[in-house]
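Each chain, letter by letter, is given below.
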Amino acid sequence: MQGETTGAQPLVEVWRGELLESLHYGHAVIAGRDGIVAAWGDPEALIFPRSSSKMIQALPLLRSGLPLTSEQVALACASHQGAAIHRARVADWLTDLGLDEGALRCGPQAPSDEGERDTLIHAGAAPCQLHNNCSGKHAGFLMLTQHLKAGPEYVEIDHPVQLAARAAFEEVTDEASPTWAIDGCSAPNFATTLTGLARAVAGFANATGDDVRVRLREAMMAHPELVAGEGRACTELMRAAPGVALKTGAEGVFVAILPSKGLGIALKISDGTTRAAEAAITRLLISLGMLDAEHPAAQKRLGPIRNWRGLVTGRIAASPELARAL
């Protein structure tokens, strides 16, 4: 089956001095209510959205009508860094369900949060599944599992939770997913085109009234610290661009929900580089007037590169193709 490397365009440049040192290729699509607004590379490139699809995976949970706090909704969409604020909230959620960490199927993961990591080291303790960056999504899966009175192996492809997740995914992308694979957290991840993913997030942007997609995007914007964590792109850029919901995915995927403009953005960097995906989404937010180019969160991802002494050694820049006027 064809992957997504064919037809990719240069999106992000990395300069050292006056020499172009690296060039990241990829695809990007901006979609609105009526279809594609702008595109780079191949809009029909087939990708795994990875964690950028977590709010889609949470749709069956929200549609169930189960009582959820805004923080729990944000955690269901999160790729958090295992900080104490994440671990403790997921633990409390499981306690409310009458469960403990052992019910999770995401696997233990060392926290990327330095404070939590140091606490574990000083205590001589090992990380657990609560530290897994997907533990919030899995707590949501468990809540829906209980509601459906289904078995405990909720990550199996034929489990009612995953059948519901796939149905929601195909509904909002408006595409039949041609394949799936196991994600880092052991849950299925369904493939779609960049156009399908952009169409899905544009649907979140244009949702109104009591549509649960409104609640999902608002929870993400209300709790950026839970969606990722301190120092992370999703958290810092949502704070810098109020009214935008952002979600990264592994291997260079990023999506953005812009309710004020009725737009959704989906992009994929072909080589899977995080720095390039962050730079590309930053450039698009600036181009759409949602982010100040001089904001520190923007400059951190699209601007000067400094070495350990603070000397400017180069810069990360959008390619001429990506920087063109929308």
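Up top is the structure these notes are about.
Residues numbered from 1 in each chain as written. Predicted model: local features only at pLDDT ≥ 70, side-chain atom pairs only at ≥ 80, totals over all residues. Heavy atoms only, no water.

Enquirer: What is the right way to read the pattern of salt bridges from this model?
Expert: Where charged atoms of side chains with opposite charge meet at close range, the side chains can pair. Per the counting criterion, the structure on display carries 14 salt bridges. Glu21 is the partner of Arg16 in a salt bridge, and the nearest nitrogen-oxygen pair spans 3.0 Å. The exposure class of Arg16 is partly exposed, given its relative accessible area of 44%. Under the relative-accessibility criterion, Glu21 is labelled partly exposed at 46%. Across the salt bridge formed by Arg117 and Asp118, the nearest N and O atoms sit 3.0 Å from each other. Given the relative accessible area of 29%, Asp118 is considered partly exposed. Ionic contacts of the salt-bridge type, sharing partners, join the residues Glu236, Glu278, Lys300 and Arg301 into one network. (Salt bridge = Lys/Arg side-chain N within 4 Å of Asp/Glu carboxyl O. Buried < 20%, exposed > 50% of the residue type's maximum accessible area, 1.4 Å probe, protein only.)

Enquirer: Could you clarify how one ought to interpret the packing of helix H8 (residues 194-206) against helix H9 (residues 212-222) in this entry?
Expert: At a closest axis distance of 8 Å, the pairing of H8 and H9 adopts a crossing angle of 90°. On the basis of their axis angle, the class for H8 and H9 is roughly perpendicular. Residues Gly203, Phe204, Ala205 and Asn206 of H8 lie in contact with H9, whose contacting residues are Arg213, Leu216 and Arg217. In terms of residue class, the contact of H8 with H9 is made up of three nonpolar, two polar and two charged. (Axes fitted to C-alpha atoms, helices over the stretch in contact; angles between N-to-C directions. Helix = DSSP H or I, 4+ residues; strand = E, 2+ residues; numbered from the N terminus. Parallel < 35°, antiparallel > 145°, perpendicular 65-115°, else oblique. Contact = heavy atoms within 4.5 Å. Nonpolar A, V, L, I, M, F, W, Y, C, P; charged D, E, K, R; others polar.)

Enquirer: How should I be thinking about unusual backbone geometry in this particular structure?
Expert: Peptide bonds are, in most cases, trans, and in most cases residues other than glycine have a negative phi. A positive phi is found at Arg50, a non-glycine position, where the angle reads about 50°. Considering the arrangement of structural elements, one finds Arg50 in the loop between strand S4 (46-47) and helix H1 (54-57). With a phi close to 60°, Asp174 is a non-glycine residue in the positive phi region. For Asp174, a relative accessible area of 59% gives the class exposed.

Enquirer: Got a minute to help me understand the side chain of Arg213 in this structure?
Expert: Tracing the chain through its elements places Arg213 in helix H9. Among the polar contacts listed, one links the side chain of Arg213 to the side chain of Asp211, at a separation of 2.8 Å. Beyond its immediate stretch of four places on either side in the chain, Arg213 contacts Leu59, Val172, Gly203, Phe204 and Ala207. (Polar contact = N/O pair within 3.5 Å; in protein donor to acceptor, adjacent residues only side chain to side chain.)

Enquirer: I'm lost on a nonpolar patch on the surface in this one. Help?
Expert: A contiguous nonpolar surface patch, about 240 Å² in accessible area, is contributed by Leu20, Leu23 and Tyr25. Tracing the chain through its elements places Leu20 in strand S2 (residues 19-32). Leu20 gets classed as partly exposed once you look at its relative accessible area, which sits at 36%. (Patch = residues over 30% accessible without salt bridge, like charges linked within 9 Å, V, L, I, M, F, W, Y side chains within 5 Å. Areas by Shrake-Rupley, 256 points an atom, 1.4 Å probe, with all protein chains shown as cover.)

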